[in-house]
Amino acid sequence: AIDKGTSGAAELERIVLADPALTANILRVANSSFHGGGSKQTTTVKGAIMTLGEKSIRSIAVSVWVQSLVQQSQTSPSFSASRFSEHSMFVGFLSKYLLSVASKNRGAKSAWNADEIFAAGVLHDLGIALVASLDPGLYDHILRQAQADSTDLNVAFHSTFGKPVQSLAVIALERWKLPKMFVDALLGYSDPLNAASEVDALCCVNLADNLALNSGYSFCDWPVKVSLNEEIINRVGLDPESIPEVLELTSRHT
């Protein structure tokens with residue numbers, strides 16, 4: 001409805017109110033500290049739409065939908081939907097925070113707003129959930145390989161097939177006719193410095209994912225350690241000494 005450009009606030013309010021989970025999440029985000037939530041609370045969906053804007057509403061809707069898709073799908077018994085959701089939400093919140101850091105400390109510019117980069121972070125590992133849902137046997141194989149190598153499932157998938165697991169998610173997003181920015185995010189976040197556009201935003205998602213893996217917010221049962229790219233850290237403008245505090249803040253929000 002938003003992409004068609006024909007729906008006003010009243011129509012969007014009607015659509016949101018038809019989904020209790022979406023209603024609750026939009027009200028929660030509108031009143032969160034990430035949006036300067038103070039003493040005056042937003043108590044109506046119409047007020048939340050006015051506070052957040054249509055692009056943010058769309059991104060929150062996509063995030064909630066994908067999370068529910070993962071939770072409800074018939075996946076491999078080895079796949080933990082709760083751990084996957086926790087990892088995805090952690091990366092989403094941290095990506096959003098890092099974009100504000102990059103904007104403040106490095107003057108970073110992005111056509112994506114805070115909630116769009118949050119949604120991009122939530123979607124970044126969608127390919128893994130699709131493998132677990134569509135081919136549980138393959139997921140279990142990749143899981144065993146990743147555990148044997150003490151690495152991430154994305155790395156294990158790439159070493160097996162010679163292509164990133166994000167390629168599966170891109171096909172899905174295009175079939176679902178989701179906004180192009182989410183496709184661009186999936187294609188670019190693993191190598192953001194060579195992306196054609198939105199380098200600063202993609203660096204935020206990349207750094208958020210790697211920090212999540214290193215801090216125990218992985219969806220693996222074993223420790224995963226990845227090297228942090230200093231050029232990406234500098235591009236974001238994150239003070240390395242502030243990382244523990246930033247991770248604690250993100251953990252509370254997650």
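Because the structure is predicted, anything quoted here is derived from the model rather than measured.

## Focus on the confidence of the model for the protein
- Scored by pLDDT, the protein comes out at a mean of 87, with 96% of its residues at no less than 70.
- By mean pLDDT, helix H4 (residues 54-72) is the weakest element of the protein at 81, and helix H12 (residues 199-214) is the strongest at 95.

## A word on the state of the cysteines
- Here the structure, examined in full by the defined rule, presents zero disulfides.
- For the unlinked cysteine Cys203, the closest cysteine sulfur is that of Cys204, found at 7.1 Å.
- For Cys203, a relative accessible area of 0% gives the class buried.
- Given the relative accessible area of 0%, Cys204 is considered buried.

## Comments concerning the nonpolar core
- Judged by nonpolar contacts, the single largest core of 47 residues is most densely connected at Leu94, Leu98, Phe182, Leu207, Val236 and Leu238.
- With ten residues, the single largest contributor to this core is H12.
- Among all residues touching Leu238, those that are not within four sequence positions of it are Leu98, Val101, Leu207, Leu211, Ile233, Ile243 and Val246.
- Counting residues in hydrophobic clusters, the runner-up holds 21 residues, among them Tyr139, Ala156, Cys220 and Trp222.

## What to know about the side chain of Lys96
- Following the sequence through the fold, Lys96 ends up in helix H5 (residues 81-106).
- A polar contact is formed between the side chain of Lys96 and the side chain of Asp115, at a distance of 3.0 Å.

## Some words on the pattern of salt bridges
- The final tally for this structure, using the stated rule, is nine salt bridges.
- The partner of Arg58 in a salt bridge is Glu116, and the shortest N-O contact between them spans 3.1 Å. With a gap of 58 residues between them, Arg58 in helix H4 and Glu116 in helix H6 (residues 114-123) connect regions that are remote in the sequence.
- Here Glu116 falls in the buried class, since its relative accessible area comes to 2%.

## Section: helix H3 (residues 45-52)
- Within H3 the residues assigned to the buried category are Val45, Ala48, Ile49 and Leu52. Angularly, the buried residues of H3 cover 100 degrees about the axis, an arc narrow enough to put them on a single face.
- Against helix H1 (9-17), helix H2 (20-30), H4 and H6 lie the buried residues of H3.
- Immediately beyond the C-terminal end of H3, within one or two residues, lies Gly53, with a positive phi of roughly 90 degrees.

Conventions used here
Residues numbered from 1 in each chain as written. Predicted model: local features only at pLDDT ≥ 70, side-chain atom pairs only at ≥ 80, totals over all residues. Heavy atoms only, no water. pLDDT = per-residue confidence, 0-100. Helix = DSSP H or I, 4+ residues; strand = E, 2+ residues; numbered from the N terminus. Disulfide = S-S within 2.5 Å. Buried < 20%, exposed > 50% of the residue type's maximum accessible area, 1.4 Å probe, protein only. Core = buried A, V, L, I, M, F, W, Y, C linked by side-chain atoms within 4.5 Å. Contact = heavy atoms within 4.5 Å. Polar contact = N/O pair within 3.5 Å; in protein donor to acceptor, adjacent residues only side chain to side chain. Salt bridge = Lys/Arg side-chain N within 4 Å of Asp/Glu carboxyl O. Arc of directions from axis to C-beta.

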